[in-house]
Amino acid sequence: MSDREPPRRRVPGPARPSRPASAQRRPGPGARPGRRPVPPRPAAPNVIRLGSPRPRLRLVGLALALVMIAFVVRLLQVQAVDASTYAAKAEQNRYVGQVLAAERGEITDRSGVALASSEDAYDITADPTMFNRATLKIDDGPEQAAALLAPILGQDQSTLVGKLRPKDSAARYAKLASRQTPQVWKQIKDLKSALTAKEGADGGTVNVLAGVFSVPSSKRVYPNGDLAAAVLGWVNAEGKGGGGIEQQLNATLAGKDGKIRYAQSGGRQVPTAGSTETPAVPGSDIELTLDRDIQWAAQNAITEQVEKSKADRGYVVVQDTRTGEILAMANSPGFDPNDLTEANPDALGNAALQDAYEPGSTAKIMSMAAVLEENVATPLTRVTVPNRLHRGDRLFKDDIDHPTWYLTLNGVLAKSSNIGTILATGELGKTQAEANRVLSSYLRKFGLGSYTGVGFPGETKGILAAPGDWSTSQQYTIPFGQGVSLNALQAASVYSTIANGGVRIEPTLVRGTQGPDGRFTPAAAPKKSRVVSAKTAKTLARMLESVVDDREGTGTKARIPGYRVAGKTGTANRVDPATGKYKGYTSSFAGFAPADNPRVTVYCAIQNATEGSYFGGQICGPIFKQVMEFALKTLQVPPTGTKSASLPVTFAP
């Protein structure tokens, strides 16, 4: 075993260069079949791998889908569910609506002369939203605007601020002043233009009047001042009738207001197809029965006498006896409806229709009418009149002390004897109660205790108690006009009834209306009723002539040369409205002419004359004469040319 050589150790040789992969893939000679060499793994390079983008895209898509769904839902809500609500809000903010005031109809006299008319004017309005901070960029916009407008509009500054800053912040309309003259609006417009120019020049000035506008309107004017003011009335700040005919026929005069709706931007109207307008319908004209000239004569006469007598007030009524039309209705003191700020509150209204007072002796004509119609006496019936007459619980007397008078029934009326009237009416019944019922029925027929029919606001129907309720004294005072009350038009109507042959025609103030189309519509015919026979009426007219023509009559100051005049004086104890007690007198005169062919009735009354005479024949007789003369000439009524048929006043005992 020694001769064997030891095994050799393998010593690694030098490294061989690496072969290419292609060479490595081929098996060399001697390689074992079926075994492929494993190539070495190359070193991994330094590469960052990206995550998958799909989750992120899904998240973004979901978010966009939610946003789109929200928009779609909101769009459906706005355009479908709440479409009408939002449209209305848009309309409200974009469009402005205003009232177009209708032109008020005229009031004219019977000849077409204007007594009340309307002239161009402007309502000053504002859009309160144009005065807030969001629009003007200042906090005191309403205050600055009010300071500029107050002296022009004659209003309190704080009042204007309240209108420009209303409680409802969304309000788009406020009326600052009504019916201002064109001159007032021109002042505001010029000031507004000046502020606009200044605003454009320096860029820092704010036009605080940009939200002030004007709306065409009209202003009521009374060209004759206080003439017939008590009849006409006035128009209040709201444009509605505040009294008289203006109030009574307001619906007819006012017409129907129109409307205009237009788009606006920055306070200016924007022409657009969306604008709509409903035109205003003018009111109708009213033609009264009054005659302007006769009204002037009556008003002038009563005003002078009231001032001369230092009386509380007075009234004159002139009536056409054939038609019942009122030709004049004058009151003193009066007022100017153009400026009510200067008017005495006690003078407003129409005292000739609203005052109820005891007429006194002018009412005796109704007692005489009852006596004649009931055939219990004639004008020649003899009546012995003592100086005093005891009836019931009182001792009655005439206005003067006198020895026993021996008068005819005609003389009782001519001398206006209270005692003679009591004695005559006592014959109307077998008992006093029956006589009361008969007299009361005639008073009712003449219109006492009822409205006249003119429908005037505030008219009184007077006071006439039922005959069963007459007190002991009223049974004897009512026949001579005390204890019963009426208004001036009722008193005039009594005499017109006699002048019209015993037929009462309801008094009228309106002749008709003329609509916007120019068509005239006459007023309805007044009601007529027979009160006494034509024979009785004619007899009463003759008896009333004795009051004026006979030297012993109480109405001699009412004589009119060339005309036959029938009339009656009255001097009554007056109830003081303030205390309810008798104080002072009511002086009156009533009559008509020509006595034998009546055409005009005139009634005058003066309340509480405190200077000079207070007898009706002395202070109202001259007024009757003055007004009657003027009316007869105006109406061109000629004298009849006949002589008065004198009736005896006294008889020899």
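Residues numbered from 1 in each chain as written. Predicted model: local features only at pLDDT ≥ 70, side-chain atom pairs only at ≥ 80, totals over all residues. Heavy atoms only, no water.

### Overview of the pairing of strand β5 (residues 212-221)
The condition that has to hold: Accessibility here uses a 1.4 Å probe with only protein chains present; expressed as a share of the type maximum, an area under 20% marks a residue as buried, one over 50% as exposed, and anything in between as partly exposed. By definition, any uninterrupted DSSP run of H or I lasting at least four residues is a helix, any uninterrupted run of E lasting at least two residues is a strand, and each is numbered from the N terminus. In this analysis, strands are considered paired if DSSP registers two or more bridges between them.
Most of β5 is tucked away: 7 of the 10 residues are buried. Bridge count for strand β3 (residues 114-126) against β5 is 10 bridges, and the pairing is antiparallel. Each residue of the ladder has a partner; that of Asp 123, found in β5, is Val 215.

### Let's talk about the pattern of salt bridges
Oppositely charged side chains can form a pair if their charged atoms are brought close together. Note the following rule: Salt bridge, as used here: a side-chain nitrogen of Lys or Arg that lies within 4 Å of a carboxyl oxygen of Asp or Glu.
For the structure on display, the rule yields 17 salt bridges. In this structure, Glu 325 engages Arg 110 in a salt bridge whose closest nitrogen and oxygen atoms are separated by 3.0 Å. Of the two residues, Glu 325 sits in the loop between β12 (313-320) and β13 (326-332) while Arg 110 sits in the loop between β2 (107-108) and β3, which places them 215 residues apart along the sequence. Between Asp 320 and Arg 599 there is a salt bridge whose closest N-O contact spans 3.7 Å. Separated by 279 residues along the polypeptide, Asp 320 in strand β12 and Arg 599 in the loop between β23 (582-593) and β24 (600-607) bring together distant segments of the chain. When its relative accessible area of 6% is taken as the criterion, Asp 320 is described as buried. Given the relative accessible area of 22%, Arg 599 is considered partly exposed. Each of Arg 110, Glu 287, Glu 325 and Arg 511 takes part in a single network of salt bridges with overlapping partners.

### As for the packing of helix α5 (residues 141-153) against helix α6 (residues 157-164)
To keep things clear, this is the line we draw: For every element, the axis is a line fit to its C-alpha atoms; helices are fit only across the contacting stretch, and the angle between N-to-C directions ranges from 0 to 180 degrees. Note on angle classes: values under 35 degrees are labelled roughly parallel, values over 145 roughly antiparallel, values of 65 to 115 roughly perpendicular, and the remainder oblique. Should the near helix be turned counterclockwise from the far one by less than a right angle, the crossing is left-handed, whereas a clockwise turn marks it as right-handed. By the convention used here, residues are in contact when the closest approach between their heavy atoms is within 4.5 Å.
With their axes 8 Å apart at the nearest point, α5 and α6 run at an angle of 130° to one another. Our classification of the angle between α5 and α6 gives oblique. Handedness of the crossing formed by α5 with α6: right-handed. Within the contact between the two elements, α5 uses Pro 142, Glu 143, Ala 145, Ala 146, Ala 147, Leu 149, Ala 150 and Leu 153 and α6 uses Gln 157, Leu 160, Val 161 and Leu 164.

### Things to note about the packing of aromatic side chains
Basically, it comes down to this: When two rings of Phe, Tyr or Trp (its six-membered ring) have centres within 6.5 Å they constitute a pair, described as stacked for plane angles under 30 degrees, edge-to-face for angles over 60, and tilted for the intermediate range.
Evaluation of the coordinates by the stated rule reveals 9 aromatic pairs. Summarising the aromatic geometry, the rings of Trp 296 and Phe 630 are spaced 6.4 Å apart at their centres and angled 55° between planes, so their arrangement reads as tilted. Remark: Phe 630 occurs in helix α21 (residues 621-634) and Trp 296 occurs in helix α11 (residues 292-309); sequence separation between them is 334 residues. By relative accessible area, which is 28% here, Phe 630 ends up partly exposed. Their ring planes at 80° and their centres at 6.3 Å tell us that Phe 396 and Phe 480 sit as a pair that is edge-to-face. Of this pair, Phe 396 sits in strand β16 (residues 394-397) while Phe 480 is found in the loop between α17 (474-477) and α18 (488-499), placing the two residues 84 residues apart along the sequence. Pair check on accessibility: Phe 396 and Phe 480 agree, each one buried. Joined through ring pairs, the aromatic side chains of Phe 396, Tyr 476 and Phe 480 make up one cluster.

### Concerning α6
Defined as follows: The arc in question is the one spanned by the directions pointing from the helix axis to the C-beta atoms.
Among all positions of α6, only Leu 160, Val 161 and Leu 164 are buried. Along the axis of α6, the buried positions cluster into a sector of 105°, meaning they face one direction only. In this structure, the buried side of α6 is in contact with β3, α5 and β4 (174-180).

### Brief notes about the sheet that holds β23
The strand order across the open sheet formed by 5 strands is β13-β12-β24-β23-β22, and the pairing between neighbours is antiparallel. Two strands bound the open sheet, and with one partner strand each, they are β13 and β22 (566-575). Adjacent strand axes in the sheet meet at a mean angle of 10° when their direction is disregarded. Direction of pairing for β22 relative to β23: antiparallel, over a ladder of 9 bridges. Across the sheet, Val 575 pairs through a bridge with Tyr 582, a residue of β23.

### Some details on a negative patch on the surface
The condition is simple: A residue counts toward a patch only above 30% relative accessible area and without a salt bridge, and it is joined to like-charged neighbours within 9 Å or, for Val, Leu, Ile, Met, Phe, Trp and Tyr, to nonpolar neighbours within 5 Å. Surface accessibility follows the Shrake-Rupley procedure with a 1.4 Å probe radius. Residue values consider only the protein chains on display as shielding. Two residue types count as positive, namely Lys and Arg, and two as negative, namely Asp and Glu; His and chain ends fall outside the count. Charge coordinates come from a single atom per side chain, which is NZ of Lys, CZ of Arg, CG of Asp or CD of Glu.
On the surface, Asp 226, Asp 336, Asp 339 and Glu 342 cluster together into a patch of negative charge. Tracing the backbone through its elements, the reader meets Asp 339 in the loop between β13 and α12 (351-354). Judged by relative accessible area, Asp 339 falls into the partly exposed class, the value being 35%.

### Structural notes on the UniProt feature "transmembrane region" (unreviewed entry) in the chain
Heads up, the rule is: UniProt positions are given in the numbering used here, feature names are shortened, and annotations may be inferred rather than shown by experiment.
The sites that UniProt annotates as "transmembrane region" (unreviewed entry) are residues 59-76. Secondary structure across residues 59-76 comprises 100% helix and 0% strand; the distance between its end C-alpha atoms is 26 Å.

### Topic: a nonpolar patch on the surface
A contiguous nonpolar patch, built from Leu 62, Leu 66, Ile 69 and Val 73 and spanning about 390 Å² of accessible area, is present on the exposed surface. Relative to the helices and strands, Val 73 resides in helix α2 (residues 54-81). Given a relative accessible area of 49%, Val 73 falls into the partly exposed group.

### Observations regarding unusual backbone geometry
Geometrically, the link from Ser 332 to Pro 333 is a cis peptide bond, its omega value of 0° lying close to zero. Tracing the sequence through the fold places Pro 333 in the loop between β13 and α12. Ala 593 connects to Pro 594 through a cis peptide bond whose omega is -15°. Position of Pro 594 among the secondary structure elements: in the loop between β23 and β24. Despite not being glycine, Gln 636 has its phi angle at roughly 55°, a positive value. With respect to the secondary-structure elements, Gln 636 resides in the segment after α21. The exposure class of Gln 636 is exposed, given its relative accessible area of 70%.

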